[in-house]
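# Structural features, examined
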Amino acid sequence: MGGSLLKPVILIGIVYAILKFVVPNIPGSAPLPASLIFLYLMLTTSGIVIFATLSGESKDAFWNPIQRFMTGENIGGLQVLRYGVLLLFPLMVGWQTYSSTATSDAPPSENRTIHPAPPGEYTGLSNPVPKTPDTIQQGKGFYAAFCSPCHGGNFDGKGPAARGFNPPPANFSDPTTIAMLQESYLFWRIKKGGVGLPIEGMPWKSAMPRWEVELPDEWIWKIIMGEYDGAHQAPRTWE
Amino acid sequence: MSEVVKLQLIGLAVVGSGALILLLVRAQFVRVIGFVAIVLGLFTLTALSVPQMASLPPVEEKFDIATVKTPTDMATIGQKIFFSKGQCALCHTIGPSESARCPDLKGIGAKLSREFLFESLTQPQAYIYLDYRHGGQPKEYPARMPYINKNPIGLSKNEILSVIAFLQQMSGEPISVSVAELEVPGQAPAAPVKVAQSGPVAVAQAH
Amino acid sequence: MTQRLNYIVPTVAVGAWLAMELLAVQPGSAEEKSAATVQAESTLQSVSVSAPMVKGALPVDDPNAAVWSSATLARFPMSPQVHWPNRILEATVRDLNVRALHDGTNVAILLEYTDPTEDPDDAAAIQFMVGDKKAHFAHGQPMAQVEGGPVNIWFWKNKDGKALDMNAKGFGTLKVQTHQDVKAKGAYANGTWKVVFTRPLSTEHADEDTQIAQGGFVNIAFAVWDGKKDASGELKEKGSQKAVSSWWYFRAEAPPDYSGYYYALLAVGLALGFQFVLIRKLKKGQSA
Amino acid sequence: MQQQGGWFQRLLQAGRGHGGMFSALLWAVGLLSLPALAFGADVAPAAATEYRDIPYIGSRNLVWVVAQLHLLLAGFVLGVPIFAWLCEVVAWKTGEKRYDKLAKEFTKLLTSAYATTALFGGILLFLLISFYPKLMNYLTDIFFPSFIVYCLLFLVETMTLYLYWYGWDAMQDGHKKTFHIFLGFMLNFFAFFIMIVPNSWATFQASPVVLAEGSDIARAWAATWNPTWWPVNIHRLIANVVLGGYICGAYAGIRYLSARNAEERDHYDWMGYVGNFIGVFGLLPLPFAGYWLMREIYQYNQQMGITLMGGFLSWLFILQAMLIGVLFLGSNYYFWLGITYRIPGSELKYRKSMLSMLIILLLCLGVWMTPHSLVASLEEARKMGGTHHPLLGVFGVMSAKMTVSNLMILVTFMSFIMYWRAGKEETAGWAKAAKALMSALLVLAGIAVVVLGVWGYFVPAIIRINYFSTSQVMIVLFVMLTITPLTALLLKSAKTTTEMVWGKMPPRAGYALVLNAIMVILLMTLMGYARSSSRVHWHVYGVLRDSSQYAFSPALGYAAGIMALNTFLFCMIVAFIFWVATMSDKAKASHS
């Protein structure tokens, strides 16, 4: 009997093994969070169910063994396994209930929005400093003095002072950071710093200084130019 | 018990009752209701398992003269007014943009004198504008610009001065509006500002 | 029989979904914990400090007591304070080891870090949020769009040999409390500082002191000053020039709670009932 | 999808069936606003009541539920005539009487549905006037002239509806039928305007424009013609077709499940097939309309765009992806079930292609549902070096999402064509060449979409948005616009090898139809929340601030609870409408 039942189980096992053990070991990769693995397994399961129930015959081939197994009719030696499953299911439900009601060992998970919406008064600004090799060079100088301790001389977020901070300083060479943002967004983030973030950005955790108390606006605009140039990224534009 | 846990329990109860209906009831319509209950319950449970964030409104800012010490402070207030109460940004942009419906104000503070800016805001029809929307030959056209000092926008003089300060700052200009010009509420307004009455003669200063 | 199935297929799907949903709501945590503890100490990076409950006296005055080893070691990286002017770009202390214990009324937290020299101005501090409001990790700096709360700082300095219980809501607002609840004791040996802070889990001043409820997580952050003087006689680190950490979590472990077992028992009962009805339906369906 | 955007848009959808009551309400609003006009001229209104509240439920929750129900009902009463008219035209063109019967069956619902919509509109209006006087005054001041237009439209629409419904049997032949079809067209024509006028009120709230001096009409017109008005109009029009189609499907599904004889089974099986067909037909272009709307929002105000896509609402779009994914899967599943059950002997022939389509759909869905910032414990986040995964993080950005949604549309379109052609054999001499061309087109389009999507990572955002994404959309639209007429042409001369067998579908097909309808309704409630929350703490974005205690936007879980409640209530109301409308039929049936 097991044939049509075994295949889906094996398939789910393979998908799980790939997600859990293969993907994290690809160079440059990292372990997947449980939520994502769960999502992909759900998709696989629903795919299996959909495909198995596409026609009357395939549904019977898929379902009949399950039904036989569960009612325990004509399954011979599998009877023991059946009792095991029947016992295991309530126990698993019980264990889940226990672990969700018991105080958790893991601290609350964090879901910080990395690029929250800026305040309206910043979205419309444009860089008033003309873009010349000279100003860019100045910007890079300011960057080296003020920003590089955390964001790194290579614009990779790995400066010497970065290690203790959580969230870590942004990696500007990553194409999903400043390349997705406009200059006005950076202006807001640099000027107002971590404490200027809205609640979804978790301002209480950010170590980013509020540079408006130390630097004039013009310097900030120059830093932005130097930053894009140094990280080999271009700001997002709309025209 | 937190609100999320309460909602989760409700969701589970809904799903459970749906499952019970499917198990025990045979009337088709009721079964469909049970099925719908399961779907809706699962949807709610899924929504509860993603990060929960409410968006709180920021503190409402009031124009308080006492806190304004420098022209830069004025410009900061002006920036907020430009993008909210003043409704300037509904049309104007600072820097080129596809969505602009009115002239781009980048560098405007350097191109125009503060008197001209003030007049443009309070008497938009005073100086004949070119309808920038039309291509080809420039065409004379009544300004689409509303009176900023009248309803519905109705900025006060202090607010208009702050916006001008912001425009100058955004153009890299020194701010020529001084804090002393601000009217303290409750007192009679100081001598009317000369520029406001100087008539439609202001001319753009080319820089 | 095929018609029976239409009753049953959705039911089974629901059962499976329900179980998975439970999994999703509360991802299993046991696995993570064990993974964290087997890591080598040098690369260990923790996210929280857990204080187990001990019977008997807390080693309040003894940083070297054997009972400390019963607490799990937590290790946090430190950065120089860069958030506010008078920042420094390099700090002496790069990692901080933390252990904690509690006995149901008092909590004791042991900080342990390497410092090549013992100086009178060596100092360390622990910082907590107070109440429900979030506070910025840099002395509770005011935030633009979020109304922040104060922080509670427990400060120890070598030359004073005692702790100060303080509050702050932004740099320059540090204030020593009128009621001091914190005790501290430092011991220096072999280039390593060990400092123990002690305080009752809860105090009578909920608006100034952090209140530690057993089983709940509170935010915690650390700061360390190396009181060494440079060639000109200036202190190397002082005031806002220090090594800091981000917010992490602290928890005083709760005494075992058995209510979970009752819920679990209830759930097992429900699941058994579900199974029973389902199989009965299946069997009936087959015979019909 | 339809949105429950501003309170106001629903305001005057009030009294759809009761012009009199409606205009009375309208005048009441007008009169209420007069004092405000007088005050507004020189001084700020002196401490007028800005908000009121009710205990326990809260004014916002109540308005939320009522407004959403009203909007869903409105979508239903606008969608059904489109659906019915399409069926009537099909019957007229092909001479298949059962389509005419279906059209009539649904038009019958309209009168009671109109009345219910009106009832909720009226309740909503009273609630809004009571709870939000400040906002109502402001909007009345601006939109006063369009209220009158709305009124007039309403009268015309009601008259047309009466003619259309009561004249159905009288106008069955020849020119009379042509006139009836024309009436149906006019019904939808007026209905379209009835939809877009209130849309202007809602879109003005989201994307206001500056109102210069001018006459009342000029100001109202300026406010009406705001940047998101047309995108929303088109989006809603299509969404209404989808809603109408899927609700028809769900109704058929339920009736099929409880059918007592073979005749009923046949009829409702076929009705479910038509409903799903029309629903999918509307669903395919819907994402494009949504994309256009989103683009306009970004252009109008980036802050709003970021709030939606990257800010606190970003998780909402993962939920949306989930719902749309289930909808796509459900619709395809129903197609595939139709092929295997209705066309005997076709199972083995199509099984392989179904499997590959299913796999593509699931892969696409997997990409679509992978968020950029993941839900992770602190420990997991630290291992990943942040909340986005170094490898899978690339799935989280727009380029990937656009690509997979285009692919999913292509796959669904393939199912659609496959189902259309199943059981038929082309006889035309050029059939082979045409089929080869069609498959080549599909494959090439799929490859082009993927290539553009991958390439999109390596070009600046603006090029991706302006050229790559639009090209992807164009490619998919082009494929649909060439293959559809080609297939129609092919099938004109095709001979049917296997007759379709009705009434043989398994009950899970009925449940699939119900599931699809629930997904569409949930999507509408979800996007309503999105539109409303994207305005954050503004009644009128950037202009009129919400200073009530409900200025915050609730978290997704709480909102989802209310969405589920709204969906459930709406289903119950629709079930009631169907029950009322079919009562007399049942009585007749039992007498005869």
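Now for a look at the structure at hand. (Residues numbered from 1 in each chain as written. Chains lettered and ligands numbered in written order. Predicted model: local features only at pLDDT ≥ 70, side-chain atom pairs only at ≥ 80, totals over all residues. Heavy atoms only, no water.)

## Observations regarding unusual backbone geometry
The amide bond that connects A:N166 to the next residue, A:P167, takes the cis arrangement and shows omega of 5°. Within the secondary structure layout, A:P167 lies in the loop between helix 6 (133-151) and helix 7 (183-192). One non-glycine residue, A:M202, lies in the positive phi region at around 50°. Position of A:M202 among the secondary structure elements: in the loop between helix 7 and helix 8 (217-230). A relative accessible area of 15% places A:M202 in the buried class. Its identity is not glycine, yet C:N86 carries a phi of approximately 65°, on the positive side. Examined against the element boundaries, C:N86 turns out to sit in the loop between strand 3 (79-80) and strand 4 (95-102). (Helix = DSSP H or I, 4+ residues; strand = E, 2+ residues; numbered from the N terminus. Buried < 20%, exposed > 50% of the residue type's maximum accessible area, 1.4 Å probe, protein only.)

## Comments concerning the pattern of salt bridges
In this structure the tally under the stated criterion is 20 salt bridges over all chains. With a shortest N-O distance of 2.9 Å, A:K222 and A:E218 are connected by a salt bridge. Pair noted here: A:K222 and A:E218 are both in helix 8, with a separation of four residues, about one helical turn. The buried category is assigned to A:K222, whose relative accessible area is 9%. Between D:E88 and D:K177 there is a salt bridge; the shortest N-O distance is 2.7 Å. Of this pair, D:E88 sits in helix 3 (residues 59-94) while D:K177 sits in helix 6 (residues 174-206), and the two are 89 residues apart along the sequence. One network of salt bridges, in which partners are shared, links A:R163, C:R75 and C:D95. (Salt bridge = Lys/Arg side-chain N within 4 Å of Asp/Glu carboxyl O.)

## What to know about the sheet that holds strand 11 (residues 192-200) of chain C
Residue and element names in this part refer to chain C. Spatial strand order, 2-4-5-11-10: five strands in an open sheet with antiparallel pairing. Two strands lie at the open edges of the sheet, namely strand 2 (74-77) and strand 10 (183-189), each paired on one side alone. Strand after strand, the sheet turns through a mean of 20° between neighbouring axes, direction not considered. Examined bridge by bridge, strand 2 and strand 4 share four bridges and lie antiparallel to one another. Bridge assignment links R75 to a residue of strand 4, and that residue is N97. (Pairing = 2+ DSSP bridges. Axes fitted to C-alpha atoms, helices over the stretch in contact; angles between N-to-C directions.)

## Brief notes about the interface of chain C and chain A
Between chain C and chain A, the contact holds 65 residues from the first and 57 residues from the second. In total, about 5600 Å² of surface goes out of reach between chain C and chain A, with carbon and sulfur atoms giving 65% of it. Counting across the chain C and chain A interface gives two salt bridges. Close ionic contact of C:R87 with A:E214 constitutes a salt bridge, the shortest N to O distance being 2.8 Å. At the surface where chain C touches chain A, the tally comes to 16 residue pairs in polar contact (both at pLDDT 80 or more). Contributing elements (two or more residues each) for the side of chain C that touches chain A: helix 1 (2-25), helix 2 (30-38), strand 3, strand 14 (248-252) and helix 3 (259-287) of chain C. Broken down by element, the side of chain C that touches chain A gets its largest block of residues, 15 residues, from helix 3 of chain C. The class makeup of the residues in the side of chain C that touches chain A is 40 nonpolar, 15 polar and ten charged. (Contact = heavy atoms within 4.5 Å. Buried area = accessible area lost by both parts, 1.4 Å probe. Polar contact = N/O pair within 3.5 Å; in protein donor to acceptor, adjacent residues only side chain to side chain. Nonpolar A, V, L, I, M, F, W, Y, C, P; charged D, E, K, R; others polar.)

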